Every structure is written in structure tokens, then in C-alpha cells.
Amino acid sequence: QTPAGDEAARLAVKVDGKPLQTFDVTAVEREPQVLEFRTRIAGGKRKLAVSFLNDFYDPQNRNPRQRDRN
């Protein structure tokens, strides 16, 4: 399967609004990809956010699997 769009999905990891790491997600269906990194985070209550940076949606694509990257 070819990923939707002409670039890999980009994923961001943030803690308390501060960007910690970005990843290119190149996994395809049935072939998962492990994304990991190490960092130090101060103790206490924290807000973790993981989000896609470059959404892609093409409802007119002939291939239904290539219409939505996410």
C-alpha cells in the first residue's frame, strides 16, 4: 500500500506544549513501525500531546486507501 499524499506523515510529541520530538511515519498497513526516543521530564503532573503535523485528505482520489493519510 502506498501512503496517501506525496510525503510521509509527520508526528510530533510534546510535553506541556514544548516540542520534544518529531517523526516521519513510514509504516504501511500490516507493517507497524515503532517510534521511540528518550528524554528527561521533571516530576509532577504533565500534559502529553501526540499529533499529526501534515494532515492529508483527498476525497476524489481513485484509490479509497489513498484518500486520507490519518
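Each chain carries its own residue numbering, running from 1 in the written order of its sequence. pLDDT decides what is reported in this predicted model: residues at 70 or higher carry local features, side-chain atom pairs at 80 or more are listed and counted, and totals for whole chains, interfaces and linings draw on all residues regardless. With hydrogens and water excluded, all non-hydrogen atoms of the structure serve as input to the side-chain values.

Engineer: Go over the overall build of the protein, please, and point to the residues and values.
Structural biologist: Numbering of helices and strands runs from the N terminus, with a helix taken as a DSSP run of H or I at least four residues long and a strand as a DSSP run of E at least two residues long. Of the regular secondary structure elements, the protein holds zero helices and three strands. Overall, the protein shows an N-to-C arrangement of helices and strands of β-β-β. Using C-alpha atoms as the atom set, the radius of gyration is obtained and then compared with a globule rule of 2.2 Å times the number of residues to the power 0.38. Over its C-alpha atoms the protein spans a radius of gyration of 15 Å, topping by over 25% the 11 Å that the globule rule assigns to 70 residues. For the C-alpha atoms alone, the extent of the protein along its principal axes is close to 50 × 20 × 15 Å. Expressed as a percentage of the 70 residues in the protein, the buried residues total 14%. For the protein, the share of sequence-separated contacts (at least 6 apart) that also reach a separation of at least 24 residues comes to 50%. Accessible surface computed for the protein: about 5,900 Å², of which carbon and sulfur atoms make up 46%. Remark: exposure states derive from per-residue accessible area (1.4 Å probe, protein chains only) relative to the maximum for the residue type, with buried under 20%, exposed over 50%, and partly exposed in between. When checking whether two residues touch, look at their non-hydrogen atoms; a contact exists if any pair is within 4.5 Å. Computed with a 1.4 Å probe, the accessible areas rest on the Shrake-Rupley method; for each residue, only the protein chains presented here act as cover.

Engineer: Account for the sheet that holds strand β2 (residues 18-25), naming residues and giving values.
Structural biologist: Strands are labelled as partners when DSSP assigns at least two bridges between them. Across the sheet, three strands lie side by side as β2-β1-β3; this open sheet has antiparallel pairing. Because the sheet does not close on itself, it has two edges, and the strands there are β2 and β3 (48-52). Across the sheet, the mean angle from the axis of one strand to that of its neighbour is 20°, orientation sign disregarded. Here five bridges tie strand β1 (residues 9-15) to β3, and the two strands are oriented antiparallel to one another. Bridging from a neighbouring strand, Lys14 pairs with Ala49 of β3. A fitted line through C-alpha atoms serves as each axis, taken over the contacting stretch for helices, and the angle formed by two N-to-C directions is quoted from 0 to 180°.

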